[in-house]
Amino acid sequence: MKSTKAVIDTNVFVSGIFFSGPPCRILNAWNDELIQVALSEEIIVEYRRVVNLLSAKLKNVNFDSVFEPLLMKTELVGPCYLKEPVCQDPDDDKFIACAIASRCQYIISGDKHLLDVGKYNKINIVTPRYFVDNLL
């Protein structure tokens, strides 16, 4: 069986680290290699920045200790760019560009701008709850 391939946006990644619920289940599925995850360097930089900001406020989380085991199970894609903006927030386009470059089927997001796109180039943009309920 071919596993599902996805890009995980920053809010889902961060929520999965700090809280329980669907985002945490998605990170566990990633760790257990039940799903394939693709990332770009630009996404990883954003993950690190946000985790470091929140870990100072919520609890002491070392980004590298959380991320290194997952990174070993990740498809890294080179710099990815879209010819023209897709999302209302152009900063979110990096997730779509990464999904296209890695031929992902899904982007898992809680971000309104990404969810408003819904589907792009055969890539379904879904909530963590939808992903857990229908694909895990």
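Residues numbered from 1 in each chain as written. Predicted model: local features only at pLDDT ≥ 70, side-chain atom pairs only at ≥ 80, totals over all residues. Heavy atoms only, no water.

1. A look at the overall build of the protein
For the protein, the count of helices and strands is 7 helices and 6 strands. Each helix and strand of the protein, placed in order from N terminus to C terminus, yields the pattern β-α-α-β-α-α-β-α-β-α-β-β-α. In terms of principal-axis extent, the alpha carbons of the protein reach across some 40 × 35 × 25 Å. The long-range share in the protein, meaning contacts at least 24 apart out of those at least 6 apart in sequence, stands at 64%. Split by element, the accessible area of the protein, about 7500 Å² in all, is 51% carbon and sulfur. Charged side chains of the protein number 15 positive and 17 negative; the gap between the two group centres comes to 5 Å. (Helix = DSSP H or I, 4+ residues; strand = E, 2+ residues; numbered from the N terminus. Contact = heavy atoms within 4.5 Å. Areas by Shrake-Rupley, 256 points an atom, 1.4 Å probe, with all protein chains shown as cover. Lys, Arg positive; Asp, Glu negative; His and termini not counted. Charge placed at Lys NZ, Arg CZ, Asp CG, Glu CD.)

2. Observations concerning the packing of aromatic side chains
By convention here, two paired aromatic rings are described through the distance between centres and the angle between planes. Overall, the coordinates contain 4 aromatic pairs when judged by the stated rule. On the basis of an interplanar angle of 55° and a centroid distance of 6.5 Å, the ring pair of F18 and F19 is categorised as tilted. Assessed through its relative accessible area of 10%, F18 is described here as buried. Classification of F19 as partly exposed rests on a relative accessible area of 47%. Three or more aromatic residues link up through ring pairs in this structure, and these residues are F13, W30 and Y47. (Phe/Tyr/Trp six-rings, centres within 6.5 Å; stacked < 30°, edge-to-face > 60°. Buried < 20%, exposed > 50% of the residue type's maximum accessible area, 1.4 Å probe, protein only.)

3. A few points about the pattern of salt bridges
Applying the stated criterion to the full structure yields 5 salt bridges. Here D91 and K94 are joined by a salt bridge, their closest N and O atoms 2.9 Å apart. When the shortest N-O distance is used, the salt bridge between K112 and D116 registers 2.8 Å. Linking K112 with D116, this pair stays in helix α6 (residues 112–117), spanning 4 residues, or about one helical turn. Taken together, the salt bridges that share partners define one network made up of E46, D91 and K94. (Salt bridge = Lys/Arg side-chain N within 4 Å of Asp/Glu carboxyl O.)

4. As for the pairing of strand β2 (residues 35–40)
When you tally the buried positions in β2, you get 5 out of 6 residues, the bulk of the element. Direction of pairing for strand β1 (residues 4–8) relative to β2: parallel, over a ladder of 3 bridges. Note that in β2 the partner of T4 across the bridge is I35. The pairing of β2 with strand β3 (residues 74–77) spans 4 bridges and is parallel. Looking across to β3, one finds that L39 is bridged to L76. (Pairing = 2+ DSSP bridges.)

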